[in-house]
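The lines below spell out each chain.
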Amino acid sequence: MKPTLPQIVSQFQIEGELVEIKPYGSGHINSTFLVQLSQGAGREQGLILQRINQHVFTEPEKVMANIGRVTAHLCQKIVKDGGDPSREALTFLPTKNGRFYHKTSSGDYWRMELFIEGAKTYQHAPSLQHYYEAAYAYGRFQSLLADFPVNELYETIPHFHHTVKRLVAFETAVAQDSAKRASTVTEEISFIRERTDMAPVLTTLQETGQIPLRVTHNDTKFDNVMIDIQTGKGVCVIDLDTVMPGIAMFDFADAVRSGANLAAEDESETDKVTFSLEIYARLAHGFLDATHHNLTPLEIDHLAFAARLITYEQAMRFLTDYMNGDRYYKTDHPQHNLDRCRTQIRLLQLMEASQVEMAEIIETYRD
Ligand code: ADP
Ligand code: GN1
Ligand code: MG
């Protein structure tokens, strides 16, 4: 029998009485819960409890090993800078066995981390300055990890942003047509096929040694950074499962893909999708302020392109999953992945129309 949530909580070294456990957040991959503890005298402590999705992360121990090492490295730097590591980095709680995850008898992996108080994540930010701050936080994350030995990290999802391999998976899904949906998405399939030239650009630069492999986050959705409610500053980058060797520009790119579109990623009316150059400019300014000393000129040259490429890749990933019968992303209804794919297609069209301006904005902030 699967353990109950309170039984899982009791496996960790916590202080206080359990008050409440409730589902939390809107991620597509893991299962997240907010845990409230009462510590007496009116004091409460919040914790985040997560079950790692093992369909996506087949080797959770490697995920936790990466996160442990990266977090330790970040904490050292934060302390040196006079910061507060319990707010600016994730703090995982040990289990009673001294591990940073609990494996249940049925083989599920759970972890627990301190809830970062006084900060929140946004799908869409309340002010333009928030976009600068979020992108700065993602850039700083990369910069703080610039001296981490990149080859010592596991590749927790092999070829995660290898767009060419994503294209192969997409074509396999079309050919297999396992959910019998391919004939209903011929326009979307054509849209992807018309742009296959884009796919190899960044991986080729990396594979031929023209740009380096770096420690990157790889899932820099706008809502994977906590922003201080009082100051509006980026406090902590979260959702570290995909931190591994990668291509620097994708971290900027995914913040653009998710942040500069004011419609929801799963908006069913695609004419509501926007691409805001104003938001893009704030993201570019923030990211470059934090990284321009570390990135090579060739990397900076490809930032604007990367934003288009990741949107292309994401359209392809949602469409692949739709044709495979929704095996990867959590979905709420049968059209969900298709709606998501269509917003990405619309967003890419809008970016293509603003391609020149996107490149010019990078020039403004590159030094
Ligand atoms: P997923 O991989 O499913 O996206 P996340 O790690 O991003 O999961 O967590 C989901 C949500 O939970 C986040 O968007 C954030 O709002 C919240 N969250 C996660 N970790 C913390 C934390 N340490 N403190 C406060 N909130 C958190
Ligand atoms: C997933 O975990 P979450 O919801 O932040 C996905 C990202 C996609 C994103 C699209 C491990 O991110 O790669 O860009 O959905 N994460 C993984 O919303 O596949
Ligand atoms: Mg997340």
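Residues numbered from 1 in each chain as written. Chains lettered and ligands numbered in written order. Predicted model: local features only at pLDDT ≥ 70, side-chain atom pairs only at ≥ 80, totals over all residues. Heavy atoms only, no water.

## As for the site of ligand 1
Piece 1. Taken together, 18 residues sit near ligand 1, with Gln50, Glu113, Ile116, Thr121 and Asp239 positioned nearest.
Piece 2. Glutamate 113 places a polar side-chain atom, nitrogen or oxygen, 2.9 Å from a nitrogen atom of ligand 1.
Piece 3. Leucine 114 has a polar backbone atom sitting 3.0 Å from a nitrogen atom of ligand 1.
Piece 4. Relative to its unbound accessible area of 550 Å², ligand 1 is 93% covered by the protein chains. (Near = heavy atom within 4 Å. Polar contact = N/O pair within 3.5 Å; in protein donor to acceptor, adjacent residues only side chain to side chain. Areas by Shrake-Rupley, 256 points an atom, 1.4 Å probe, with all protein chains shown as cover.)

## Notes on the coordination of the magnesium ion (ligand 3)
Piece 1. Within the protein, the magnesium ion (ligand 3) binds to Asn224 (OD1) and Asp239 (OD); these donor distances fall in the range 2.2 to 2.3 Å. Separated by 15 residues along the polypeptide, asparagine 224 in the loop between strand 7 (214-216) and strand 8 (225-228) and aspartate 239 in the loop between strand 9 (234-237) and strand 10 (244-246) bring together distant segments of the chain. (Donors = N, O, S within 2.8 Å, 3.2 Å for Na, K, Ca; no water. Helix = DSSP H or I, 4+ residues; strand = E, 2+ residues; numbered from the N terminus.)

## Details of the site of ligand 2
Piece 1. If you check the shell around ligand 2, you find 17 residues, and the closest are His28, Lys221, Glu265, Gln314 and Tyr328.
Piece 2. Between an oxygen atom of ligand 2 and a side-chain N or O atom of glutamine 314, the distance comes to 2.6 Å.
Piece 3. A distance of 2.5 Å separates an oxygen atom of ligand 2 from a polar atom in the side chain of tyrosine 328.
Piece 4. Notes on ligand 2: free accessible area 440 Å², of which the protein chains cover 97%.
Piece 5. Tallied by class, residues from the shell around ligand 2 come to six nonpolar, five polar and six charged.
Piece 6. There are two domains that each give the shell around ligand 2 at least three residues, and those are domain 1 (13-115) and domain 2 (128-365). (Nonpolar A, V, L, I, M, F, W, Y, C, P; charged D, E, K, R; others polar. Domains from an automatic or database assignment.)

## Some thoughts on the domain arrangement of the chain
In many analyses, interface size is given as the accessible surface area lost on bringing the parts together.
Piece 1. Domain boundaries assigned for the chain yield domain 1 (13-115) and domain 2 (128-365).
Piece 2. Across the contact, 27 residues belong to domain 1 and 31 residues belong to domain 2.
Piece 3. Buried area between domain 1 and domain 2, summed over both chains or domains, comes out near 2700 Å², and the portion from carbon and sulfur atoms is 59%.
Piece 4. Counting the surface domain 1 buries against domain 2, the share from its top three residues, His28, Asn66 and Arg69, is 24%.
Piece 5. Between the two partners, domain 1 and domain 2, sit six salt bridges. (Contact = heavy atoms within 4.5 Å. Buried area = accessible area lost by both parts, 1.4 Å probe. Salt bridge = Lys/Arg side-chain N within 4 Å of Asp/Glu carboxyl O.)

## Remarks on the pairing of strand 8
Piece 1. Every second residue of strand 8 is oriented toward a common face, with Val225 and Ile227 on one face and Met226 and Asp228 on the other, all of them buried.
Piece 2. The sheet contact formed by strand 6 (residues 119-120) and strand 8 spans two bridges and is antiparallel. Along strand 8, the bridge assignment pairs alanine 119 with aspartate 228.
Piece 3. In terms of strand pairing, strand 8 meets strand 9 through three bridges, oriented antiparallel. Within strand 9, the residue paired with methionine 226 across the bridge is cysteine 236.
Piece 4. The turn linking strand 8 back onto strand 9 is made up of five residues, and glycine 232 within it adopts a positive phi angle of 75°. (Buried < 20%, exposed > 50% of the residue type's maximum accessible area, 1.4 Å probe, protein only. Pairing = 2+ DSSP bridges.)

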